[in-house]
Amino acid sequence: MTKLFLSLHVLAAVLAIGPVAVAASMFPAALRRVTGESGAGAPGDRPPGDRDALANLRMLHRVCRVYAAVGTAVPVLGFATASSLGVLGSAWLIVSIVLTTAAAAVLALLILPGQDAALVALQEQAGPDAGPGPGPGPDPGARSAARLAMLTGVFNLLWATVTVLMIIRPGSTTGA
């Protein structure tokens, strides 16, 4: 049963966390393109408020939301695997649990709401009364994109650390 739980745990991590990591990483760059900002300081690839670019942002956000929900299987299967291996009290596992909780909190409390807020702001901007540009005052899209990029980097770093801990298992004496 241990091998089944471990296989399902790894598959769930690859198939659920991977898409969230990729889509969340793509979102800030796509947001910069929609708001007319680019990393090189030149105008974006598309005009601000472009409907295709907005649809792309919505799709990336949906991937993040859906796969985040599917990703709840990862810790559930992880606990089942750890229980069958008898390592629930191991330091490497406890650290992994804490880091997984932190990654989930960053995603659920910061990244997903940040993406929601950016989409709402863009939707309001692209409304029937909106002009062709971002409107008066400084464009919050660049700051939002930078913040989301940073948070996504933290999320991905947390998951990379968990992955390394799961492979190396410092101090572990199990052969699984």
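Note that the structure is predicted; figures quoted are calculated from it, not measured.

Caption draft 1: Spotlight on the overall build of the chain. Along its length, the chain carries five helices and zero strands. N-terminal to C-terminal, the α/β element order of the chain is α-α-α-α-α. Out of the 176 residues belonging to the chain, those deemed buried represent 32%. Intrachain contacts of the chain at a sequence separation of at least 6 include 82% that bridge at least 24 residues. Put simply, the chain shows about 9,700 Å² of open surface, and 68% of that area lies on carbon and sulfur atoms.

Caption draft 2: The arrangement of a nonpolar patch on the surface in detail. Residues Met1, Leu4, Leu6, Leu8, Val10, Leu11, Val14 and Leu15 make up a contiguous nonpolar surface patch of about 760 Å² in total accessible area. Tracing the backbone through its elements, the reader meets Leu4 in helix 1 (residues 2-34). For Leu4, a relative accessible area of 44% translates into the label partly exposed.

Caption draft 3: Structural view of the layout of surface pockets. For the largest pocket, the calculated volume is near 650 Å³. Looking at the largest pocket, it is lined by 27 residues, and the ones nearest its centre are Leu6, His9, Val10, Val162 and Met166. Of all the secondary structure elements, the ones that give two or more residues to the lining of the largest pocket are helix 1, helix 3 (73-85), helix 4 (91-125) and helix 5 (140-168). The biggest single contributor to the lining of the largest pocket is helix 3, with seven residues. A per-class count over the lining of the largest pocket returns 19 nonpolar, seven polar and one charged.

Caption draft 4: Quick look at the nonpolar core. Residues Phe27, Leu31, Leu57, Ile111, Phe155 and Trp159 are the most contacted members of the largest nonpolar core, which totals 33 residues. Counting only elements with at least two residues in this core, the list comes to helix 1, helix 2 (51-70), helix 3, helix 4 and helix 5.

Caption draft 5: The packing of helix 1 against helix 4, seen in detail. Closest axis-to-axis distance for the helix 1/helix 4 pair is 12 Å, and the angle between their directions is 30 degrees. Judged on the interaxial angle alone, helix 4 and helix 1 are roughly parallel. Judged by the sense of rotation from one axis to the other, the crossing of helix 1 with helix 4 is left-handed. Contacts from Val20, Ala24, Phe27, Leu31 and Val34 of helix 1 reach helix 4 at Leu107, Ile111, Gln115, Ala118, Leu119 and Leu122.

Caption draft 6: Broad picture of the environment of Ser7. Structurally, Ser7 can be placed in helix 1. A residue is classified by how much of its surface remains accessible, and Ser7, at 40% relative accessible area, is partly exposed. Remark: the alpha-carbon pair of Ser7 and Thr81, spanning 74 residues in sequence, is separated by 9.1 Å.

Analysis parameters
- Residues numbered from 1 in each chain as written.
- Predicted model: local features only at pLDDT ≥ 70, side-chain atom pairs only at ≥ 80, totals over all residues.
- Heavy atoms only, no water.
- Helix = DSSP H or I, 4+ residues; strand = E, 2+ residues; numbered from the N terminus.
- Buried < 20%, exposed > 50% of the residue type's maximum accessible area, 1.4 Å probe, protein only.
- Contact = heavy atoms within 4.5 Å.
- Areas by Shrake-Rupley, 256 points an atom, 1.4 Å probe, with all protein chains shown as cover.
- Patch = residues over 30% accessible without salt bridge, like charges linked within 9 Å, V, L, I, M, F, W, Y side chains within 5 Å.
- Salt bridge = Lys/Arg side-chain N within 4 Å of Asp/Glu carboxyl O.
- 1 Å grid on protein atoms, 1.4 Å probe; cavity = no way out; pocket = protein on both sides within 12 Å on 5 of 7 lines; lining within 4 Å.
- Points joined across faces, edges and corners; volume = space filled by probe spheres on them.
- Nonpolar A, V, L, I, M, F, W, Y, C, P; charged D, E, K, R; others polar.
- Core = buried A, V, L, I, M, F, W, Y, C linked by side-chain atoms within 4.5 Å.
- Axes fitted to C-alpha atoms, helices over the stretch in contact; angles between N-to-C directions.
- Parallel < 35°, antiparallel > 145°, perpendicular 65-115°, else oblique.
- Left-handed = near helix turned anticlockwise from the far one by under 90°.

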